[in-house]
Amino acid sequence: MTERDRERMRDFYDDLGDREWSRLEDSPRGRVAYQVHRRFLEHFVQPGDRVLEVGAGPGRFTFDLARLQARVAVTDYSSVQLDLHRRHLEGTQAETAVDSRALLDICDTSRFAGATFDVVLAFGGPLSYAFEESEAALKGLLRITKPGGYVVASVMSWLGSWRYFLPSALEDARVVGDDAFDLILSTGDLRHSQTSPVCQMFRASDITELSVKCGAELVAMSSSNWASLEDPQVLGELETDSDRWARFLEHEIAACAQPGALDGGTHILFALRRP
Ligand SMILES: C[S@@+](CC[C@H](N)C(=O)[O-])C[C@H]1O[C@@H](n2cnc3c(N)ncnc32)[C@H](O)[C@@H]1O
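Bear in mind that the values here come from a model prediction, so they are computed numbers and not experimental data.

**Student:** Looking at this structure, how should I read the site of the ligand?
**Tutor:** If you check the shell around the ligand, you find 19 residues, and the closest are G55, D76, D105, I106 and F123. In the environment of the ligand, an oxygen atom lies 2.6 Å from a nitrogen or oxygen atom belonging to the side chain of D76. For the ligand, a nitrogen atom lies 2.9 Å from a polar atom in the backbone of I106. For the ligand, the accessible surface in isolation is 600 Å², of which the surrounding protein chains cover 98%. Across the shell around the ligand, the residue classes break down as 10 nonpolar, 5 polar and 4 charged.

If you want it as structure tokens, here you go:
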């Protein structure tokens with residue numbers, strides 16, 4: 001990962017500002033994604049756990065960590081996102097769960113002693129911004145996790161994003177040319193794109209491979225989302241009926257965790273246990 005890639009990513013999130021907060025609430029699809037992530041996280045956090053949140057953004061999941069009675073060290077690579085985090089939590093009960101806020105690049109966790117955290121959380125793709133350093137970054141996250149503790153993360157899905165974003169992918173192919181587009185589809189590396197935000201996309205098999213290389217146990221995976229990536233109008237109508245919506249969510253969360261669905265969403269969630 002070059003310095004330019006890093007700056008590009010930081011500038012992107014600096015400019016995105018508070019729109020990052022609404023990503024998981026301004027559409028039925030986003031609201032389902034939030035529920036899938038939240039429910040996944042609940043399996044791995046116990047009351048009193050010390051959690052490092054990497055790429056915390058404006059704090060959506062810090063509220064959940066606080067609800068789960070964890071103590072949270074909040075970090076992000078963007079100072080704009082860290083400021084937003086402070087503003088979103090100020091005056092709320094969740095703020096009392098925050099032990100610290102600091103800038104941190106997921107590729108450099110050397111400031112923390114080994115085995116410091118019960119859980120390291122990197123939701124919403126920070127690992128997708130490590131590119132060639134993703135294995136080293138993940139090893140770094142595992143190093144600071146206590147034995148028996150968990151690294152919980154989500155990354156952009158390579159195959160699912162291609163399917164879901166097909167119209168914009170084809171537009172990108174027109175702009176960058178077929179050779180560059182072939183590179184995107186054969187590497188998952190969106191640095192070859194000119195119309196999408198840059199990131200490294202992953203397949204479920206890449207996550208399995210990474211976990212082996214890092215010597216960690218892959219204890220759970222899920223896609224986000226599955227059926228809810230289909231017709232937004234149908235989904236919107238379904239959401240108006242709270243009982244049917246609650247039932248749909250249960251089926252959706254269960255479907256996302258099925259092996260046949262893992263590559264089908266826009267994101268892949270996973271949990272690694274440090275032996
Ligand atoms: C899509 S947002 C996710 C925010 C939050 N975790 C969530 O899921 O709602 C990705 C976050 O990762 C941060 N980020 C980008 N590059 C990073 C890096 N190299 N190290 C740590 N965080 C990074 C961004 O600033 C942004 O806040």
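**Student:** What am I meant to see in the packing of helix 3 (residues 28-42) against helix 11 (residues 232-239) here?
**Tutor:** The geometry of a pair of packed helices is captured by two quantities: the angle between their axes and the separation between those axes. Running from amino to carboxyl end, helix 3 crosses helix 11 at an angle of 65°, the nearest separation of the two axes being 9 Å. In terms of axis orientation, helix 3 runs roughly perpendicular to helix 11. Along its contact with helix 3, which presents P28, R29 and R31, the element helix 11 presents L235, G236 and E239. A breakdown of the residues in the contact of helix 3 with helix 11 according to their chemical character gives 2 nonpolar, 1 polar and 3 charged.

**Student:** In this structure, what is going on with the domain arrangement of the protein chain? I would like to understand it.
**Tutor:** Where interface size is given, it is often the accessible area lost as the parts come together that is meant. Assigned domains within the protein chain: domain 1 (3-157 + 202-273) and domain 2 (159-197). Each of domain 1 and domain 2 was reduced to a C-alpha centroid, and the two centroids are 24 Å apart. Between domain 1 and domain 2, the contact holds 15 residues from the first and 10 residues from the second. Buried area between domain 1 and domain 2, both sides added, is near 1,100 Å², and the carbon and sulfur share of it is 52%. Counting the contacts that link domain 1 with domain 2 gives 1 salt bridge. Here R191 makes a salt bridge to E132, at a shortest N to O gap of 2.6 Å. Along the contact surface separating domain 1 from domain 2 lie 7 residue pairs in polar contact (both at pLDDT 80 or more). Top element by residues in the side of domain 1 that touches domain 2 is helix 1 (residues 3-16). It accounts for 3 residues. The class makeup of the residues in the side of domain 1 that touches domain 2 is 5 nonpolar, 4 polar and 6 charged.

**Student:** Would you mind going over helix 1 with me for this structure?
**Tutor:** The α-helix advances 3.6 residues per turn, and as a result positions three or four apart in sequence lie on the same side. Taking 1.5 Å per residue, 14 residues should reach 20 Å; helix 1 reaches 20 Å between its end C-alpha atoms and fits that length. Where helix 1 is concerned, the buried positions are D5, R6, M9, Y13 and L16. Viewed along the axis of helix 1, the buried residues span an arc of 105°, placing them on a single side of the element. Facing away from the buried side of helix 1, by more than 90 degrees, are the exposed residues R4 and D15. Against helix 2 (19-22) and helix 5 (79-89) lie the buried residues of helix 1.

**Student:** Help me understand unusual backbone geometry in this model?
**Tutor:** Backbone geometry follows two general trends: most residues other than glycine have a negative phi, and most peptide bonds adopt the trans configuration. Cis geometry is adopted by the peptide bond preceding N225, which originates at S224 and carries an omega value of 5°. Position of N225 relative to the elements: it lies in the loop between strand 6 (217-224) and helix 11. Even without a glycine there, the phi angle at A115 is positive, about 55°. If you trace the backbone, A115 turns up in the loop between strand 3 (98-103) and strand 4 (117-122).

**Student:** Is there a simple way to think about the sheet that holds strand 1 (residues 50-53) in this case?
**Tutor:** Paired through backbone hydrogen bonds, the strands of a sheet run either parallel or antiparallel to each other. With mixed pairing, 7 strands are arranged side by side in an open sheet as 3-2-1-4-5-7-6. Where the open sheet ends on each side, the last strands, each with one partner, are strand 3 and strand 6. Here the strands of the sheet are splayed against their neighbours by 15° on average, with no regard to which way each runs. Relative to strand 7 (residues 267-273), strand 5 (residues 145-156) runs antiparallel, the two being bridged by 7 bridges. Of the residues in strand 7, the one forming a bridge with Y150 is R273. Contacting strand 2 (71-76) and strand 3, helix 5 crosses the sheet at an angle of about 160° to strand 3. Lying on the sheet, helix 6 (residues 134-143) is in contact with strand 4, strand 5 and strand 7; it crosses strand 5 at an angle near 145°.

**Student:** Sorry if this is basic, but what is going on with helix 3 here?
**Tutor:** Between its terminal C-alpha atoms helix 3 stretches 21 Å, which fits the 21 Å expected from 15 residues at 1.5 Å a residue. A large share of helix 3 lies buried, amounting to 11 of its 15 residues.

**Student:** Sorry if this is basic, but what is going on with the pattern of salt bridges here?
**Tutor:** Where charged atoms from two side chains of opposite charge approach closely, those side chains can pair. Applying the stated rule across the entire model yields 19 salt bridges. With a closest N to O distance of 3.0 Å, R38 and E42 form a salt bridge. You can see R38 and its partner E42 sitting in helix 3, 4 residues apart, about one turn around the helix. One salt-bridge network, in which partners are shared between bridges, spans R38, E42, D64 and R67.

About the criteria used
- Residues numbered from 1 in each chain as written.
- Predicted model: local features only at pLDDT ≥ 70, side-chain atom pairs only at ≥ 80, totals over all residues.
- Heavy atoms only, no water.
- Near = heavy atom within 4 Å.
- Polar contact = N/O pair within 3.5 Å; in protein donor to acceptor, adjacent residues only side chain to side chain.
- Areas by Shrake-Rupley, 256 points an atom, 1.4 Å probe, with all protein chains shown as cover.
- Nonpolar A, V, L, I, M, F, W, Y, C, P; charged D, E, K, R; others polar.
- Axes fitted to C-alpha atoms, helices over the stretch in contact; angles between N-to-C directions.
- Helix = DSSP H or I, 4+ residues; strand = E, 2+ residues; numbered from the N terminus.
- Parallel < 35°, antiparallel > 145°, perpendicular 65-115°, else oblique.
- Contact = heavy atoms within 4.5 Å.
- Domains from an automatic or database assignment.
- Buried area = accessible area lost by both parts, 1.4 Å probe.
- Salt bridge = Lys/Arg side-chain N within 4 Å of Asp/Glu carboxyl O.
- Expected span 1.5 Å × (residues − 1).
- Buried < 20%, exposed > 50% of the residue type's maximum accessible area, 1.4 Å probe, protein only.
- Arc of directions from axis to C-beta.
- Pairing = 2+ DSSP bridges.

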